[in-house]
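Each chain, letter by letter, is given below.
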Amino acid sequence: MTRLASSLIALIASIILLVAGNAFLMTLLGLRLSHEGFSTSLIGWILVCYSVGFVGGTLFAERVVERVGHIRAFAVFATTLAISIQIYPLAVSAPLWAGLRALAGFAMAGLMIVMESWFSSRATNANRARLFAVYQVVFFLSTASGQLLINIGSADSALPFTLATILVSLAVIPLSLTRMHAPPIEGAERLSLVALYRISPIGVSGSLIAGLLTSAFYALAPVYADRVGLPTDRLSLFMASAIVGAMVLAWPIGRLCDRFNRRRVLMFVLAVAAAASVAIPLINPDHAVRLIGVVGLYMGLSAALYPVSVAITNDQMPSHQITAASTTLLLAYGIGSCIGPVAASAVMDRVGPNGLFYTNTAFLLALAVYLLYRLRRRADVPAEDRVDYYTTSPSGGYALYELDPRNTEFHRGPEGPGRAGLRIGKMLLGAAGRAQSAVRQS
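Since the model is a prediction, treat every value here as computed from it, not as a measurement.

Caption draft 1: Quick peek at the overall build of the protein. A count of helical and extended segments in the protein gives 17 helices and zero strands. In the protein, of all internal contacts separated by at least 6 residues, the share reaching a separation of at least 24 is 84%. In the structure as shown, the protein presents an accessible area of about 16900 Å², 63% of it carried by carbon and sulfur atoms.

Below you can see the structure in the form of structure tokens.
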């Protein structure tokens, strides 16, 4: 495992630089658009273009990789993303920025396909779970760290955009120098959204709502924080708390899903997330610690909707169709991510910044009502037929699901390497949560 980790250092370094730069940029753009006086609904339309481009990239960017190879494709996508970042401060124009967000989403999807397919190509039955956990921890930590960079320079200047460009450009260097052989790109098995909904309506609906909630938060939370008067240093912690919350809650929610019926665990997650969402507008922004804590709880639970939905779906799928189901759930998540910022920003325009959490509460409650209906219509999956729960995130392209330990039969044995990998993965998630808490306190 040590030799394997050494061979992946270049790839991990590129992931850290790229993800941190992209996460930083997403928060920066929302803050800058708010400072420029754009209406909340227009901000939502501009920022949702990233999700539209990302969904397009997950479907079509593989063609670029197949044509020119992994390293060249990575350089092309990273350069495209870097150039787009440098254009933002040159002209603050809604149509221009919307086009740049769509281009950035497409490029980022291509970058994630390259990196995740490289990660998955190094996986075997013996190390798959540990690699999966390492990838998730690196991604979470890089995203949270990117939020903290918002304190460097004013959002109204070109300096932060230059910093984001530098991070994305630096990501090309480690991967370009690697000696790893590029993996082949293989077409993923597909399952239609309608067909999967008939098998697992809650899995598809949960993934859709998860995409809606997550994209609405990351697109519009900087606008919310700016308009309720949070200073920049607290805004960065406000955003970072969402990622930290997802990391800290991953282990206990996983334990609940392994011990109890997953649809009822999902109901519990929905109820507590809705309560936290309702509470956020009631907290005085001057009470920053309380606000940041509740936001971390809310987004930690919201982030759990997707992996719980994946687990519920996989419980009902034959093992050879788990990858196909996962890619279709990713499509449902992508559709939701295209709806979330537009819907939430329209409400925010009418009722003010708190409309973000009013909208998200409504969608959480709607899913809870539908779940109650489904609980009456279908019996629960027996405990002996459930697959292991793994914390997943829809961070990139379909290639990540080749790394999911549930895609092999080895994890079903009580003492197989999948079980050991799951224990190690949970330990890694816990350690990462503590490390990120130390970063915040410093």
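Caption draft 2: Structural context of the packing of aromatic side chains. The final tally for this structure, using the stated rule, is 13 aromatic pairs. For the ring pair Phe-217 and Tyr-298, a centre distance of 6.5 Å and an interplane angle of 55° mean the geometry is tilted. One end of the pair, Phe-217, is in helix 11 (residues 201-227); the other, Tyr-298, is in helix 14 (residues 288-314), and 81 residues separate them in sequence. For the ring pair Tyr-224 and Phe-357, a centre distance of 5.0 Å and an interplane angle of 85° mean the geometry is edge-to-face. Of this pair, Tyr-224 sits in helix 11 while Phe-357 sits in helix 16 (residues 355-377), and the two are 133 residues apart along the sequence.

Caption draft 3: Here's a closer look at the side chain of Arg-32. Along the chain, Arg-32 falls in helix 2 (residues 9-35). When its relative accessible area of 6% is taken as the criterion, Arg-32 is described as buried. Within the local environment of Arg-32, its side chain forms a polar contact with the side chain of Glu-36, the two groups lying 2.9 Å apart. Aside from chain neighbours lying at most four places away, what touches Arg-32 is Val-92, Trp-97, Ala-155, Asp-156, Ser-157 and Phe-161.

Basis of the calculations
Residues numbered from 1 in each chain as written. Predicted model: local features only at pLDDT ≥ 70, side-chain atom pairs only at ≥ 80, totals over all residues. Heavy atoms only, no water. Helix = DSSP H or I, 4+ residues; strand = E, 2+ residues; numbered from the N terminus. Contact = heavy atoms within 4.5 Å. Areas by Shrake-Rupley, 256 points an atom, 1.4 Å probe, with all protein chains shown as cover. Phe/Tyr/Trp six-rings, centres within 6.5 Å; stacked < 30°, edge-to-face > 60°. Buried < 20%, exposed > 50% of the residue type's maximum accessible area, 1.4 Å probe, protein only. Polar contact = N/O pair within 3.5 Å; in protein donor to acceptor, adjacent residues only side chain to side chain.

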